[in-house]
Amino acid sequence: MIISVDKWMNNINKGDETLVKSEQDAEKQLSLLNGKDVTQLIANGKSQALLIGGGDKNFVVTFIVGDNEDFFNLVNEDFANDSDEIEVVTGGQAGLFPQSIVVDFQTALSSLLYFYKFQQRNPDLTWENN
């Protein structure tokens, strides 16, 4: 599986792609996200993709079906009904996201490792269709 990670230098993305051959490789790529200059990971499957933005302790995870045909955001069960917003930097730009879809590192990692194995959404996690 190929994973792309951005790397911002001023307003230029100098990121690259990595061939991921193990769960440890996938975790290493996710660990690069720092919410400052490394802010987005894209794992590409055959007809799906997993996009993880953010870093440090706040991540937004989106599962994309086909060519942007359908989107599912990973839900933070602890804040599922919370409308407060949190600033998360993803794709090199800060944005406000509902706390209900901002998850911690372990939850983002669980979604990535499941995607690495099966190229699907982790059924043990809660997803909302957008």
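Please refer to the structure placed before this passage.
The sections below set out a description of the structure shown in this document.

As a packed pair, helix α1 (residues 23-31) and helix α2 (residues 105-118) sit with axes 10 Å apart at the nearest point and diverge in direction by 140°. When the axis of α1 is compared with that of α2, the two are oblique. Note on packing geometry: the crossing formed by α1 with α2 is right-handed. Where α1 abuts α2, its residues E23, A26, E27, L30 and S31 lie against F105, A108, L109, L112, L113, Y116 and K117. When grouped by side-chain class, the residues that make up the contact of α1 with α2 number eight nonpolar, one polar and three charged.

Turning next to the environment of N58. Tracing the backbone through its elements, the reader meets N58 in strand β7 (residues 58-65). Put simply, N58 and N34 are 24 residues apart on the chain and 9.4 Å apart in space, counted from C-alpha to C-alpha. Apart from residues lying up to four places away in sequence, N58 is in contact with G53, I86, V88, V102 and V103.

A positive phi angle, near 60°, is found at N10, a position not held by glycine. With respect to the element layout, N10 can be found in the loop between β2 (8-9) and β3 (12-13). The backbone phi angle of D56 is positive, close to 60°, even though this residue is not glycine. Tracing the backbone shows D56 in the loop between β6 (48-55) and β7. According to the relative accessible area criterion, D56 is exposed, its value standing at 59%.

The rules behind these values
Residues numbered from 1 in each chain as written. Predicted model: local features only at pLDDT ≥ 70, side-chain atom pairs only at ≥ 80, totals over all residues. Heavy atoms only, no water. Axes fitted to C-alpha atoms, helices over the stretch in contact; angles between N-to-C directions. Helix = DSSP H or I, 4+ residues; strand = E, 2+ residues; numbered from the N terminus. Parallel < 35°, antiparallel > 145°, perpendicular 65-115°, else oblique. Left-handed = near helix turned anticlockwise from the far one by under 90°. Contact = heavy atoms within 4.5 Å. Nonpolar A, V, L, I, M, F, W, Y, C, P; charged D, E, K, R; others polar. Buried < 20%, exposed > 50% of the residue type's maximum accessible area, 1.4 Å probe, protein only.

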